[in-house]
Amino acid sequence: MSVKVRVPSALRKLTQGRSELEGKGGTVREVLDHVGRDNPELLARITEDGGEIRQFLNVFVNGTDIRYEKDLDTPVAEGDEVSIVPSIAGG
Amino acid sequence: MIPAPPPITGWTWPEEVGRAVLREVRAVPTEEACGLLVGVRREDGGVVVTSAVPAENVESPGRRRRRFLIDPLRLLEVEKSLRGGNEEVVGFYHSHPDGEPLPSEVDRTFMELWPNTLWVIAGITEGGELPQIRGWSLDPDPGEVNEVPVAPSESAPAARARPPHPGVPRGARRPHGAWTDIESPRGKKED
Ligand SMILES: [Zn+2]
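Please read all numbers here as calculations on a predicted model, not as lab measurements.

I would appreciate a short explanation of the interface of chain B and chain A in the present structure.
Size of an interface, as often reported, equals the accessible area lost when the parts are brought together. With 46 residues of chain B at the contact, the number on the chain A side is 29 residues. Summed over both sides, the interface between chain B and chain A buries roughly 3100 Å², with carbon and sulfur atoms accounting for 59% of that surface. In this structure, the connection of chain B to chain A is made through two salt bridges. Between Arg12 of chain A and Glu88 of chain B there is a salt bridge, with its nearest N and O atoms 3.3 Å apart. Our enumeration of links across chain B and chain A arrives at 10 residue pairs in polar contact (both at pLDDT 80 or more). Where the side of chain B that touches chain A is concerned, the elements lending two or more residues are strand 2 (34–41), strand 4 (68–70), helix 2 (72–82), strand 5 (88–96) and helix 3 (105–111) of chain B.

Pasting the structure below:
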């Protein structure tokens, strides 16, 4: 299953300059692990050592927050788009 | 392939964009106003803001005076509308209804998630007529927040024409898990 992974252009330093990556897998976890092989810095920003999503990091599949689905076990299908967006907040 | 963004060395925005942001900030004097900055990154690290896209502060109403939160879907929408052009989301802006335009501890926490991104803060100090505006950015190497000076924009590339941004989804839900309390470790002023 081939899935697009998008990162904000501001974070493309972590992805060797690309804001769109090609991932493979049947779940968000598999897709992120796949793109993480070539982009370990990106993966480290997304997940904790234990493999769960970091606190201020949002992951969407076709615009739906995976926290409302099955988190990292959310299934993905061919052509889906996984987007990674750190929280935009402050005081 | 686009090169990774270099540290930001200067920033500028057209007068009308600055005026629009100030208007927006003054329209909600008791809440933090916030939004996205769209523009162009020059090779020399200069950032030329071409437009400011207001965003709803989706923090809970009681907290908006000292906190802001932008729905991450707003960023996805704006980035989508910019695909294929030379502009990108280069930063964010927000206001401090009761303070200086300096990054708070909470701001710094989130700036770490957005290295080499322009953070424009409009601060309203006591007795101040007009909000003061200053730009900041986190240089991830060595992890310092630096002030970004306003730099002239004469060599700014012309922005390509594009359709207007999609509207703000009003009443958008608060992103779950996107915010929990972060209290200032040193008890500093947090606005
Ligand atoms: Zn702030």
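Quick question: what am I supposed to make of helix 1 (residues 28–38) of chain A here?
All names here are of chain A. Of the residues making up helix 1, those classed as buried are Val28, Val31, Leu32, Val35 and Gly36. Each buried residue of helix 1 lies within a common arc of 135 degrees when the element is viewed along its axis, so the set occupies one face. Considering only its buried residues, helix 1 is in contact with strand 1 (2–6), strand 2 (20–24), helix 2 (40–46), strand 3 (57–61) and strand 5 (81–86).

What should I look at first to understand the pattern of salt bridges in this one?
Two side chains of opposite charge can pair, provided their charged atoms sit close to one another. Residue and element names in this part refer to chain B. Applying the stated criterion across every chain, the model contains 16 salt bridges over all chains. The residue Arg64 makes a salt bridge to Glu31 at a minimum N-O spacing of 3.9 Å. With Arg64 in the loop between strand 3 (46–55) and strand 4 and Glu31 in the loop between helix 1 (15–27) and strand 2, the pair connects residues that are 33 residues apart, well separated along the chain. Note that Glu59 is salt-bridged to Arg63, the shortest N-O span being 3.2 Å.

Just to check I follow, could you spell out the packing of aromatic side chains for this structure?
A ring pair, where both rings are aromatic, is described by two values, the distance of the centres and the angle of the planes. All names here are of chain B. Per the stated rule, a full pass over the model turns up five aromatic pairs over all chains. With a centroid separation of 5.0 Å and 80 degrees between ring planes, the pair formed by Trp11 and Trp13 is classed as edge-to-face. Residue classification places Trp13 among the buried positions, given a relative accessible area of 16%. In textbook terms, an aromatic cluster arises when at least three aromatic residues are bridged by ring pairs, as seen for Phe68, Phe92, Trp114 and Trp119.

Which parts of the structure should I look at to understand the side chain of Thr27 of chain A?
Residues and elements named next belong to chain A. Mapped onto the elements, Thr27 comes out in the loop between strand 2 and helix 1. Thr27 sits in the buried class, given a relative accessible area of 17%. Sequence-distant contacts of Thr27, that is, excluding residues within four places in its chain, are made with Leu72, Asp73, Thr74, Pro75 and Val76.

Explain the coordination of the zinc ion to me, please; I cannot follow it from the model alone.
Around a metal, the ideal angle is 109.5 degrees if four donors adopt a tetrahedral arrangement and 90 or 180 degrees if six donors adopt an octahedral arrangement. Protein-derived coordination of the zinc ion comes from Gly91 of chain A (O), His94 of chain B (NE2), His96 of chain B (NE2), Asp107 of chain B (OD) and Asp107 of chain B (OD), at a distance range of 1.9 to 2.6 Å. With one member in each of two chains, Gly91 of chain A in the segment after strand 6 (88–90) and His96 of chain B in strand 5 form a pair that bridges those chains. When sorted by exposure, Gly91 of chain A lands in the same class as His96 of chain B, which is buried.

Sorry, what's going on with the pairing of strand 8 (residues 144–148) of chain B here?
Look at any regular strand and the pattern is simple: side chains alternate between the two faces of the sheet. Residue and element names in this part refer to chain B. As judged from the five bridges shared by strand 7 (residues 132–139) and strand 8, these two strands associate in the antiparallel manner. Bridge pairing links Ser137 to Asn146 in strand 8. Counted along the chain from strand 7 to the antiparallel partner strand 8, the turn is four residues long, and its residue Gly143 has a positive phi close to 85 degrees.

What is the right way to look at helix 2 of chain B in this model?
Residues spaced three or four apart along an α-helix point in a common direction, a consequence of the helix completing one turn every 3.6 residues. Among all positions of helix 2 of chain B, only Pro72, Arg74, Leu75, Leu76, Val78, Glu79 and Leu82 of chain B are buried. Regarding helix 2 of chain B, its N-cap is Asp71 of chain B, as a side-chain oxygen of that residue lies 2.9 Å from the backbone nitrogen of Leu73 of chain B further along.

Got a minute to help me understand the sheet that holds strand 3 of chain A in this structure?
Consider a sheet: its strands pair through backbone hydrogen bonds, and that pairing is either parallel or antiparallel. Residues and elements named next belong to chain A. Taken in spatial order, the five strands of this open sheet run 2-1-5-3-4, and their pairing is mixed. What marks the edges here is a single partner per strand, and that holds for strand 2 and strand 4 (64–65). Of the pairings in the sheet, the one linking strand 1 to strand 2 comprises five bridges and is antiparallel in character. The partner of Ser2 across the bridge, within strand 2, is Lys24. In the packing of helix 1 onto the sheet, contacts are made with strand 1, strand 2, strand 3 and strand 5, and the angle to strand 2 comes to roughly 120 degrees.

Teacher, can you tell me more about the confidence of the model for chain B here?
The predicted structure's coordinates, where accompanied by low pLDDT, should not be read in detail. Put simply, chain B has an average pLDDT of 83, and 77% of its residues get 70 or more. Low confidence marks residues 155–190 of chain B, where pLDDT is under 50. Its contacts with residues over four positions away, or in another chain, come to 94 contacts.

What exactly am I supposed to notice about the environment of Glu56 of chain B here?
On the secondary structure map, Glu56 of chain B appears in the loop between strand 3 and strand 4. The sequence separation of Glu56 of chain B and His94 of chain B amounts to 38 residues, and the corresponding C-alpha distance is 11 Å.

The rules behind the values
Residues numbered from 1 in each chain as written. Chains lettered and ligands numbered in written order. Predicted model: local features only at pLDDT ≥ 70, side-chain atom pairs only at ≥ 80, totals over all residues. Heavy atoms only, no water. Contact = heavy atoms within 4.5 Å. Buried area = accessible area lost by both parts, 1.4 Å probe. Salt bridge = Lys/Arg side-chain N within 4 Å of Asp/Glu carboxyl O. Polar contact = N/O pair within 3.5 Å; in protein donor to acceptor, adjacent residues only side chain to side chain. Helix = DSSP H or I, 4+ residues; strand = E, 2+ residues; numbered from the N terminus. Buried < 20%, exposed > 50% of the residue type's maximum accessible area, 1.4 Å probe, protein only. Arc of directions from axis to C-beta. Phe/Tyr/Trp six-rings, centres within 6.5 Å; stacked < 30°, edge-to-face > 60°. Donors = N, O, S within 2.8 Å, 3.2 Å for Na, K, Ca; no water. Pairing = 2+ DSSP bridges. Axes fitted to C-alpha atoms, helices over the stretch in contact; angles between N-to-C directions. pLDDT = per-residue confidence, 0-100.

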